[in-house]
2 protein chains.
Amino acid sequence: MVAATAEVVPRLTTALSGPLNSIESTILDYQARIESWFRSQWRKTSVPLYASVDLRNAGYKIAPVDTNLFPGGFNNLNPVFESLCIQAVQSALERLDRPVDSVSIVPENHTRNKPYLENLAVLQRIFEKAGFETRIGSVIPGLDKEMQIEMGNGSSICLEPLRRQGSSLLVNDFRPDLLILNNDLSSGIPDFLQGVDQFVMPPVNLGWSDRLKSVHFSFYRDVAQEFAALLDIDPWFIDPMFRNCGEVDFMKRAGESCLSRNVESLLKAVQKKYDEYGVSNDPFVMIKADSGTYGMGVMPIHSAEEVHDLNRKQRTKMATIKEGQKVTKAIIQEGIYTHETWGTPGRVAEPVVYLIDQNVVGGFYRVHPQRATNENLNSPGMYFERLAFDECCNSPDKEQSPDAHPNRFYTYGVIARLALLAAARETKSL
Amino acid sequence: MVAATAEVVPRLTTALSGPLNSIESTILDYQARIESWFRSQWRKTSVPLYASVDLRNAGYKIAPVDTNLFPGGFNNLNPVFESLCIQAVQSALERLDRPVDSVSIVPENHTRNKPYLENLAVLQRIFEKAGFETRIGSVIPGLDKEMQIEMGNGSSICLEPLRRQGSSLLVNDFRPDLLILNNDLSSGIPDFLQGVDQFVMPPVNLGWSDRLKSVHFSFYRDVAQEFAALLDIDPWFIDPMFRNCGEVDFMKRAGESCLSRNVESLLKAVQKKYDEYGVSNDPFVMIKADSGTYGMGVMPIHSAEEVHDLNRKQRTKMATIKEGQKVTKAIIQEGIYTHETWGTPGRVAEPVVYLIDQNVVGGFYRVHPQRATNENLNSPGMYFERLAFDECCNSPDKEQSPDAHPNRFYTYGVIARLALLAAARETKSL
């Protein structure tokens, strides 16, 4: 655990308004009850190996907008948190019913995406320090021998071809006890990953070829309702409303009426909530590819008419996502303003929280200097404030104000764990 | 997790000589094998809730000299490690077969020992942050209502009387699911702690009224042998040799011949090892009360004759220990030089490692400005270098030298876990 000096830890500047402070106070007041409830949930449903959760904090509302079960970005975590990651990995793998001594990380096929390669290097280091022999088993088509990639900072990373032998997967001649997917399988589950006799975490059918955001957020809705009942708050404070359309084709303008109908009804529902709580912002929604990732296939919409007025460029952008996959289903999600800003002048920021097992192990801010408070920040031009989370998310401090860093980070950790619980139930339902 | 600034983290200065560097190298080289072995051990034997282990590092040898299962001193850990403690506590209590939501810490009866009260406050905070309602249930005789103690830094701690109702223990009207003993029960197990229907951790019969150092170090000897075989090293590099005498009375000079015979044979055995490895130091041994704690009843001895030459003052000091308990059994333990020094001019120092569940969660150095490298440092005049462990013990870094901080701390963590495993087997054997 490296001690960070005060200078390298930028402070978050926010101008929060409205009832969030009361959400944070409530969460802080009920901390023991909340943790007891989480414990009872984890006893019922086992958690995914890891996850990252994008949150939006509007002041009057804080909610997850995306839950990633194949998180990249471990390189953006404060190194101070590394020993928490190590301990969480040890605890997760000890619970398996067969001993695991060796692992292979199965990454995305990127070879020139330096931040992604750094993420891989950090993941490999965490598993190695946790005491597991760890290799990187790539599924890059045609890769027939190891590929050493220099990362520019004097260190390098070694990708080795993953190959099938009988019902096992090998990395060269190394047979890992456990395969860790860090590849979201957007293009589908490759045949050679099917019916493998080793542990595979997360399970292959959690990849984006099978998974739908609308299914995840259905599970999340139930979780949010149970949690809100526990705290006696309106679940809307933590839950983004949504609708979905099962058959769309943006190029052919198919499903447009479903989209515009849903946009209209959702905008009305959001306005009703805004009226109830005296929120003066204009409601908006996000149309997202229901299986999308990497921030692709995401568009803010402010009226039903806008859906009909999309120009060719906008429709093209929505029609295909990562690895050229065609978008055939869409989710229309309540847009949540992010009222957190970074630095002076304030750049729009949103927190991203990382989890290993049921533990919150860190987080950072995604910042976008050219985006507004009601836009998708996961887009070209964004950057990460790596050391933003200078305190850990599991350490609330009741002697400080509900808005103090350890307490805000604790709230973020609670909301992120609600999304994790939704993902756990989603996994169980497969 | 608080980020410490570089200024508040003193560096350890050492002048290590001899083959230790090679022990550290070996441990580093075999890290994956070692962690795999520990995992298999924890599957076989469940670990105590917490422990602290005193180590001595002679350069050519590093070994535990005392294993405390009711550790005080959590206040001496670097606050940076607090989130590791929180996560470890959560993981330990989740594994119990009934849900635990509330705990009571049962402390020593100190009310004016400020460092001990600070330790209690830190322990209470860790359990609260981990999400458990936490009260302090004191067993101070005659305490019939709560006692609020100001700690001088604006904070206070509240001791409440623990009382029996049927087969339950209550703190006022609060019925904790779990009682955490932070009292080593030197004077015996009070009746009201017997047959309690709540969880009690650690079990009451691990208190010093029942426990013997010689039994612990018998278990440790076996552990050290298995571990040494795994690494193909001489177990002596990590194991303090010992003898024991079952019937001594220092005041009546009973058992003196047993003591002197054992001192002589042990000194010879140590000299033989010193000759084998070319160590030029003079061998010495420590005579310790076999059930002693708080550094009481400990004496360095350099020859068999010394045992017969003890003056009245020395014998009085050995005859009674904590809470006036009479010493009737003794362990004669190989003395291990500590070749670590702190600061300039160098003051003699020894590491103390803290564990929660099977996780190393931190440590510090015990420093004594008036003691020599072959003396007991746990004695009046000692102090603690609180922030000494500026990096975590679970994060070895193979790109640095075996002697670099993260790697030395990792080695300390490994040796401390060997002592923890011995304590786990000791607990199982009860």
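Values in this document were obtained by computation on a predicted structure and should not be read as measured data. (Residues numbered from 1 in each chain as written. Chains lettered and ligands numbered in written order. Predicted model: local features only at pLDDT ≥ 70, side-chain atom pairs only at ≥ 80, totals over all residues. Heavy atoms only, no water.)

To continue, consider the nonpolar core. In terms of nonpolar packing, the biggest core is built from 93 residues, with B:Y220, B:F227, B:F250, B:L259, B:I287 and B:L418 touching the most fellow members. Ranked by the residues each element gives to this core, the list is headed by helix α9 (residues 405–428) of chain B, at twelve residues. Not counting residues up to four positions away in its chain, the partners in contact with B:F227 are B:I34, B:W37, B:I238, B:V414 and B:L418. Listed in part, the 92 residues of the second largest apolar core include A:Y60, A:V223, A:F242 and A:I321. (Core = buried A, V, L, I, M, F, W, Y, C linked by side-chain atoms within 4.5 Å. Buried < 20%, exposed > 50% of the residue type's maximum accessible area, 1.4 Å probe, protein only. Helix = DSSP H or I, 4+ residues; strand = E, 2+ residues; numbered from the N terminus. Contact = heavy atoms within 4.5 Å.)

Next up on the list: the packing of aromatic side chains. Residue and element names in this part refer to chain B. Scanning the entire structure with this criterion turns up 31 aromatic pairs over all chains. Ring centres of Y60 and W236 lie 6.4 Å apart, and the angle between their planes is 10°; on these two criteria the pair is classed as stacked. In this pair, Y60 is assigned in the loop between β2 (50–57) and β3 (62–68) and W236 in the loop between α5 (213–231) and β11 (242–245), connecting sequence segments 176 residues apart. Each of the two residues, Y60 as well as W236, counts as buried. (Phe/Tyr/Trp six-rings, centres within 6.5 Å; stacked < 30°, edge-to-face > 60°.)

Now for the pairing of strand β7 (residues 156–165) of chain B. Residues and elements named next belong to chain B. Bridge count between strand β5 (residues 133–138) and β7: three bridges; the pairing is parallel. Across the sheet, G137 pairs through a bridge with E160, a residue of β7. Inspection of the sheet shows strand β6 (residues 147–150) paired to β7 by four bridges, in the antiparallel sense. Each bridged residue has a counterpart across the sheet, and for M147 the counterpart in β7 is L159. A loop of five residues connects β6 with β7, the two strands running antiparallel in sequence, and G152 in this loop sits at a positive phi of about 90°. (Pairing = 2+ DSSP bridges.)

This next bit is on the packing of helix α3 (residues 82–94) of chain A against helix α4 (residues 114–129) of chain A. Residue and element names in this part refer to chain A. Put simply, α3 and α4 touch, their axes get as near as 8 Å, and they point 65° apart. In terms of crossing hand, the pair formed by α3 and α4 is right-handed. Contacts between α3 and α4 pair E82, C85, I86, V89, Q90 and L93 from the former with R125, I126, F127 and K129 from the latter. Here the residues of the contact of α3 with α4 are counted per class, giving six nonpolar, one polar and three charged. (Axes fitted to C-alpha atoms, helices over the stretch in contact; angles between N-to-C directions. Left-handed = near helix turned anticlockwise from the far one by under 90°. Nonpolar A, V, L, I, M, F, W, Y, C, P; charged D, E, K, R; others polar.)

Right, let's get into the pattern of salt bridges. All chains considered together, the criterion is met by 44 salt bridges over all chains. A salt bridge links A:D173 to A:R163, with the nearest nitrogen and oxygen atoms 3.1 Å apart. Remark: A:R163 occurs in strand β7 (residues 156–165) and A:D173 occurs in the loop between β8 (168–171) and β9 (178–182); sequence separation between them is ten residues. In this structure, the salt-bridge partner of B:E350 is B:R56, at a minimum N-O distance of 2.9 Å. Of this pair, B:E350 sits in strand β16 (residues 347–356) while B:R56 is found in strand β2, placing the two residues 294 residues apart along the sequence. A network of salt bridges, in which partner residues are shared, links A:D54, A:R56, A:E350 and A:R366. (Salt bridge = Lys/Arg side-chain N within 4 Å of Asp/Glu carboxyl O.)

So, on to the environment of A:G381. Residues and elements named next belong to chain A. Residue placement: G381 occurs in the loop between β17 (359–368) and β18 (383–385). Looking at G381, the relative accessible area reads 43%, which means it is partly exposed. Residues within four places of G381 in sequence aside, it is in contact with V367, H368, P369 and Q370.

Time to look at the pairing of β9(A). All names here are of chain A. Within β9, five of the five residues are buried, which leaves the element mostly enclosed by the surrounding structure. The alternating pattern of β9 places L178, I180 and N182 on one face and L179 and L181 on the opposite face, and all of these are buried. The sheet contact formed by strand β4 (residues 102–107) and β9 spans five bridges and is parallel. Bridging from a neighbouring strand, V106 pairs with L181 of β9. As defined by bridge partners, β9 adjoins strand β10 (residues 199–201) across three bridges and the pair is classed as parallel. Bridging across to β10, L179 finds its partner in V200.

So, on to the environment of B:N378. Residues and elements named next belong to chain B. Tracing the chain through its elements places N378 in the loop between β17 (359–368) and β18 (383–385). Taking the C-alpha atoms as reference points, N378 and Q148, 230 residues apart in sequence, are found 29 Å from one another. Here N378 is in contact with Y294, G295 and R366, once residues within four sequence places are set aside.

For the rest of this paragraph, the subject is the sheet that holds strand β13 (residues 298–301) of chain A. All names here are of chain A. With antiparallel pairing, the four strands of this open sheet are ordered in space as β11-β14-β12-β13. Taken across any chain shown, the strands that pair with only one partner, and hence form the sheet edges, are β11 (242–245) and β13. Recorded for the sheet is a direction-independent mean angle of 20° between the axes of neighbouring strands. Here β11 runs beside strand β14 (residues 330–334); their pairing, made up of four bridges, is antiparallel. Bridging across to β14, C245 finds its partner in A330. Packed on one face of the sheet, helix α6 (residues 256–277) meets β11, β12 (285–289), β13 and β14 and runs near 175° to β11.

As a further point, take α5(B). All names here are of chain B. Its 19 residues give α5 an end-to-end C-alpha distance of 26 Å, which sits within 8% of 27 Å, the value for a rise of 1.5 Å per residue. Within α5, the full set of buried residues consists of K213, S214, H216, F217, Y220, V223, A224, F227, A228, L230 and L231. Viewed end-on, α5 has its buried residues packed into an arc of 165°, placing them on one side of the element. Directly after α5, the chain includes D232, whose backbone phi takes a positive value near 60°. (Expected span 1.5 Å × (residues − 1). Arc of directions from axis to C-beta.)

Residue and element names in this part refer to chain A. Across all of its chains, the model carries two disulfides over all chains by this definition. Each sulfur of the disulfide joining C245 and C258 lies 2.2 Å from the other. Measuring the twist about the S-S bond at about -100°, one finds the C245-C258 disulfide to be left-handed. A residue pair is termed long-range when its members are at least 10 positions apart, and C245 in strand β11 and C258 in helix α6 qualify at 13 residues. The burial state of C245 is the same as that of C258; both residues are buried. (Disulfide = S-S within 2.5 Å.)

Before going further, it helps to examine the side chain of B:Q41. All names here are of chain B. Looking at where Q41 falls in the secondary structure, it is placed in helix α2 (residues 31–44). Judged by its relative accessible area of 4%, Q41 is buried. In this view, Q41 contacts E226, L421 and R425; residues no more than four positions away in its chain are not counted.

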